[in-house]
Structures are given as C-alpha cells and as structure tokens.
Amino acid sequence: DGYCRHRTLTKRPAEIRAMASDNSGMVLVGDKNGNIFVWGIVEPGSKMQRLPECKRNDEIVSMACCPEGTVRIVGVGYKSGCFALCDYDRGVVLACLDVFDSEIQCVAWSAADSSTSGSHLIAVGTKSGLIKVVKVLLDSVETCNVVACLDNMYSPTKKSSEVGNTSVANRFWASLAW
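A quick note: this is a predicted structure, and the numbers were derived from the prediction, not measured.

### Structural notes on the packing of aromatic side chains
Thinking step 1. The final tally for this structure, using the stated rule, is 0 aromatic pairs.
Thinking step 2. Residue placement shows R56 over the ring face of Y78; its charged tip is 5.6 Å from the ring centre.

Structure below.
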C-alpha cells in the first residue's frame, strides 16, 4: 500500500552484529553480547523481546532463518566458531555445534523443498575459508536433530590474510548461496 511504518526499538540490544528475518514478518537481531532479540514488525504495537534461554556468552556474527514458513528456527554463527539452532517461537536452543575452528561469518539455509525429506541443509562459512554443510532433520516443529556435518567443502588456496584487500581479509565470506 506504499505506507512505511517507522518503528523504534524499545529495549536496545548491545551493538548489533547480525540480523535475520522470516516470511511472517519476524525480525531477529543478534548482538555482541550473545543476546538474541525477536520483533514482530508487522504486528501493531509489538515490542522487541529478548530470548534469555538462547543467550550465549559469545559474540553473534551471523544469523539466518529457516525458509520453511511453519518452522521458526534460526541458525546462529558465533565468533568462537560455535553454531547453534534456536527455536525463536519457544525461545530455546535446539542444538549447538562447537566443531568449527574460526568465526562463523555466514549461515545460509537451502531453499529446496523439504516437505518430502523432512530435512534441510545449512551452509556455514567460516573466517578461515571453510564451508561446512550441516544437515538438520525436522521430525516435527518440536524437535530438531543435527544428523551430519561434512568438513572441508571448500578450502581456498590463499589464506584470507594474503588476499591484500583488508576488508576481504577481515570478512572473507560475505555471503553464501545455494
């Protein structure tokens, strides 16, 4: 309708490091203190809510929501190399993988239809230049099991510090796409 609604944050998070959104108008924000906030921007009068059970004492670097509309799960990448799956509807951590050697700079869910397989693939890009693929089995909205992690999907010949461009060296993976 061409109307743009200006919304302000009521509870201000620490310095925001990552944002993600889903198809229903939910926006998720991750801050440098490891907090995750959820905000329903299409609902009039909605306020940002912190998810205290999803907090980790680690800086959030990247986030991405599951593309399946009925599943409210966000993949979260941390500076320490931890990767977590959080149910932002219930405010709980479903799975946590501490198998990455460096900061997770990008998380990308496969947009492929999962209605027949019941699973999703998530690509995770790290600062060290590795891409790992995590397979997540969604038996129902209530459970989420990490069933596989494939190492060394890609390893560049040059380290990011050898690239020369300092912005590239500091943030090697700007994005991943399926």
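### Description of the pairing of strand β1 (residues 16-21)
Thinking step 1. With 5 bridges connecting them, β1 and strand β2 (residues 26-31) associate as antiparallel partners. Across the sheet, the residue bridging to A20 is L28, located in β2.

### Considerations on the pairing of strand β9 (residues 104-109)
Thinking step 1. Counting buried residues in β9 gives 6 out of 6 residues, a clear majority hidden from the surface.
Thinking step 2. As paired strands, β9 and strand β10 (residues 119-126) are joined by 5 bridges and run antiparallel to one another. Among the inter-strand pairings, I104 is bridged to a residue of β10, identified as T126.

### As for empty space enclosed by the protein
Thinking step 1. For the coordinates displayed, the defined rule picks out 1 cavity of 30 Å³ or more.
Thinking step 2. Space inside the largest cavity adds up to approximately 40 Å³.
Thinking step 3. Lining the largest cavity are D22, N23, S24, C66, P67, E68, G69, V71, R72 and Y88.
Thinking step 4. Its residues assigned to classes, the lining of the largest cavity comprises 4 nonpolar, 3 polar and 3 charged.

### Some points on the sheet that holds strand β5 (residues 60-65)
Thinking step 1. The strand order across the open sheet formed by 4 strands is β5-β6-β7-β8, and the pairing between neighbours is antiparallel. In this open sheet, the two strands that pair with only one neighbour each are β5 and β8 (92-97). Looking at each pair of strands side by side, their axes are set apart by 20° on average, direction ignored.
Thinking step 2. Pairing analysis gives 5 bridges linking strand β6 (residues 73-78) to strand β7 (residues 83-87), with the strands arranged antiparallel. Considered in β7, the bridge of V76 is made with A84.

Scoring rules and cut-offs
- Residues numbered from 1 in each chain as written.
- Predicted model: local features only at pLDDT ≥ 70, side-chain atom pairs only at ≥ 80, totals over all residues.
- Heavy atoms only, no water.
- Phe/Tyr/Trp six-rings, centres within 6.5 Å; stacked < 30°, edge-to-face > 60°.
- Lys NZ or Arg CZ within 6 Å of the ring centre and 35° of its normal.
- Pairing = 2+ DSSP bridges.
- Helix = DSSP H or I, 4+ residues; strand = E, 2+ residues; numbered from the N terminus.
- Buried < 20%, exposed > 50% of the residue type's maximum accessible area, 1.4 Å probe, protein only.
- 1 Å grid on protein atoms, 1.4 Å probe; cavity = no way out; pocket = protein on both sides within 12 Å on 5 of 7 lines; lining within 4 Å.
- Points joined across faces, edges and corners; volume = space filled by probe spheres on them.
- Nonpolar A, V, L, I, M, F, W, Y, C, P; charged D, E, K, R; others polar.
- Axes fitted to C-alpha atoms, helices over the stretch in contact; angles between N-to-C directions.

Read these as layout, nothing more, since geometry by itself doesn't imply function.
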